[in-house]
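For reference, the chains in residue letters:
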Amino acid sequence: MKTVTSAPLFPSLQVPSINSSAEFEGIKETCRNFSLQGKWRGRSSRFCSFFNSTLEILMSTRGDGSAALSLENVTLRFNPLLNSTSLWDGGNKWEVGSAVTVLLHSVERAALATALRSPERTTQNVTTESLAIQTQLVTGDCSQHSEVFMLRAHEETMDVHCATVTGAATQGLGAAAFISYSTLDSIISARRLSEGNLPAGGKLEKSHLNSRVVSGAIGDGRPINLSSPANFTLRHRQAKKEEEEALCVYWKVVAESGSWSPDGCTAVHTNSTHTTCSCDHLSSFAVLMAPTTVTESYPLTIITYLGLTLSLPCLFLAILTFLLCRSIRNVSTSLHLQLCLCLFLADLLFLTTVTRPGSQVACAVIAGLLHYLFLACFSWMFLEGLHLFLTIWNLQVVNYTSASRFKKRFMYPFGYGFPALVVAISAVVNPGGYGTSKHCWLSLDRGFHWSFLGPVCAIILINITFFALILWILRNRLSSLNADVSTLRDHRLLTFKAIAQLFILGCTWSLGLLQVGPAAAVMAYLFTIVNSLQGAFIFLVHCLLNRQVREEYRRWIKGFPMFSTKSQTYDLSMSAVPTTSTKTAESAATRLGSIPRSSSTKPNRLEPPVMLCSMRFMELCS
């Protein structure tokens, strides 16, 4: 940067006043009266020496207007103060806060004074190892200038309206200065906050600085209310995490010291690398990163524990039923059994690890197991939906044997292998993604939670598609039934079991994606209630509403032989059919299975595929 050598065009121009500043007067009085003894004397003298050095720099910018003034030379004199480790590392909280306040105000006033002393240079830029400054002068009205000025220092910018600068003009010349500090953010931290200056909720208490400290000033540096807010775009020191919230704050002077305050500043835009702040005043600003406030609802917690506590014994009874009741063993019950096992283990692990263990390794292992078990649950839910769809679709040919062999051949490798593959890849790509500071679950960093949400969303979408197609097929098949035959079917039970498939197939987990906007609270309660009771739904539909299972329960309770030796028939499907219609249904199924219908027989108005289609759906739902 070249030093300006020409005399100023406005020799009588008033530069920013120093002596009238209240915070400077208070600190000067403190330094004059320092008489501390012992170990505090050296630290206090270092602070007063720092303060006197800043005053000397400021006084050099005032002058009489005849000496040339260089922004570069003035800026370089602040470098030793910013790099003084003796004060920053050894000072107490009040000394550091006061030194920061003095430094910030001194640099602002020095930059404005230098700009006003060199009016022939409308724009000046200086970058040193400790800070970068850009100044802008505005003469006359704003018709000759842009409506909004953008000042840049380092990678940060300030947008300020021209009318704001001219409104604070001194003798017809307006000045704006924007300063970005390279190292000041490492000196200031959220730990320097004043106790009584925290916003509601205490977000700043757990926050940390994640940007350079910048300053904006106009006119002579005195505080003014802006007619139009100024915007500051600050680059993050580290990429913003998804569980973090960007807070725009300014350095608020409190009793000659200072602390961060969010008053008057709002984050209007933020992404992983930058945050734009809109502020109704000018001061020194920064971006703090605070953990996103997630208020755990006590009622939702109670509902979760009650629902899972009810689901666990239901799942345990369902597992025993599917293992011991031989008369209902088939592909469907095999799928039900594996889903119940995975869901039981996942719910049990979730309940027993409510409190995060102290070991990070243990928490990561628990998170990995939960990731695997819940993915396995959804894998078996997908297989349940696929089996139900294929069976209904292929009922026209009644080829159960080949379909069963196909499913048994591939369902176990997929049901347990697919989630293992996903977890293995996730652990290799981001091993630190398992476990957070509060919960043993997947971290939000780098979108790691999508290793669970991605497969889950895909399976939910596929199962909803399967369910819609099944209902469409049944509607077309059952629409041909006449009124007499349709009375044979208990439509209420059929409807209930069809709707229950939405819960069993995991489609209700999609409610978790709808927890946004005004309906977020309602969706949160629905999601918690429905999904915590998924185990109870499975036991209700597949066991209690299954007539053949109920008969087995009666035999066990009465002490009869536990296992039925009857071969598997269509009795499962008849759980939804009144007793008086059993012979009619069995006759239809028999004619479809092996006995060709005689041409001389009076045609039945119920076509066998139609009857069997609805029967098979009821069997698979049971």
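Each value, and the rule that gives it
Along every chain, residues carry numbers that run from 1 in the direction the sequence is written. At least 70 in pLDDT is required for a residue's local features to be given in this predicted model, at least 80 for side-chain atom pairs to be given and counted, and no such filter applies to totals for whole chains, interfaces and linings, which use all residues. As a rule here, side-chain values cover all heavy atoms of the structure and leave hydrogens and water aside. Runs of E in the DSSP output that reach at least two residues are strands. Runs of H or I that reach at least four are helices, and both are numbered from the N terminus. The buried label applies to any residue whose accessible area, calculated with a 1.4 Å probe on protein chains only, is under 20% of its type's maximum; exposed applies above 50%, and partly exposed to all values in between. Any pair of residues with heavy atoms lying within 4.5 Å of one another is described as a contacting pair. Here, strands pair whenever DSSP counts at least two bridges between them. Interaxial angle, 0 to 180 degrees, is taken between N-to-C directions of lines fitted to C-alpha atoms, where a helix line uses only the stretch in contact. In this scheme Phe, Tyr and Trp rings, the latter by its six-membered ring, pair at centre separations within 6.5 Å, and the angle between planes marks the pair as stacked below 30 degrees, edge-to-face above 60, and tilted otherwise. Expected helix span is taken as 1.5 Å per residue step, with the number of steps being one fewer than the number of residues. Two N or O atoms count as a polar contact when they lie within 3.5 Å, although within protein this holds only if one can serve as hydrogen donor and the other as acceptor, and sequence-adjacent residues are included solely when both atoms are side-chain atoms.

*Asks:* Outline the overall build of the protein, listing residues and values.
*Replies:* When its secondary structure is counted, the protein shows 20 helices and 13 strands. Per-residue burial over the protein gives 49% buried out of 622 residues. Within the protein, residue pairs in contact and separated by at least 24 positions form 76% of the contacts whose partners lie at least 6 positions apart.

*Asks:* Please set out the sheet that holds strand E11 (residues 265-270) residue by residue, giving values where relevant.
*Replies:* The five strands lie next to each other as E3-E4-E8-E12-E11, forming an open sheet whose pairing is antiparallel. Among the strands making up the open sheet, the edge pair consists of strand E3 (148-153) and E11. For this sheet, the mean inter-axis angle between neighbouring strands, taken without regard to orientation, is 20°. With six bridges joining them, E3 and strand E4 (residues 156-161) adopt antiparallel strand pairing. Following the sheet pairing, Leu151 is matched in E4 by Met158.

*Asks:* Explain the packing of aromatic side chains to me, using residue names and the numbers behind them.
*Replies:* Inspection of every chain in the model, using the stated rule, returns 18 aromatic pairs. Ring plane angle 80° and centroid distance 5.1 Å describe the contact between Trp251 and Trp260, whose orientation is recorded as edge-to-face. Given the relative accessible area of 4%, Trp251 is considered buried. With relative accessibility at 0%, the residue Trp260 sits in the buried group. Ring geometry for Tyr553 versus Trp556: centroids 5.6 Å apart, planes at 55°, classification tilted. One end of the pair is Tyr553 and the other is Trp556, both in helix H18 (residues 547-558) and three residues apart, which spans about a single turn. For Tyr553, a relative accessible area of 17% puts it in the buried group.

*Asks:* Tell me about unusual backbone geometry, and please be specific about residues and values.
*Replies:* Most peptide bonds take the trans configuration, and most residues that are not glycine carry a negative phi. Located in the positive-phi region is His154, a residue other than glycine, with phi close to 55°. Within the secondary structure, His154 sits in the loop between E3 and E4. On the accessibility criterion, His154 (24% relative accessible area) is partly exposed.

*Asks:* Give a detailed account of helix H10 (residues 331-352), specifying residues and quantitative values.
*Replies:* End to end, H10 covers 32 Å across 22 residues, agreeing with the expected 32 Å (1.5 Å per residue, within 8%). Counting buried positions along H10 yields 16 of 22 residues, so the element is predominantly enclosed. Between the side-chain oxygen at the start of H10 and the backbone nitrogen of Ser332 there is a gap of 3.1 Å, and the oxygen is on Asn330.

*Asks:* Now, about the pairing of strand E13 (residues 284-291): what can you tell me, with residues and values included?
*Replies:* For E13, the tally of buried residues reaches seven of eight residues, placing the bulk of the element in the interior. As paired elements, strand E7 (residues 213-218) and E13 share two bridges and run antiparallel to each other. The residue of E13 that forms the bridge with Val214 is Phe285. As paired elements, strand E9 (residues 244-254) and E13 share seven bridges and run antiparallel to each other. Bridge pairing links Glu244 to Pro291 in E13.

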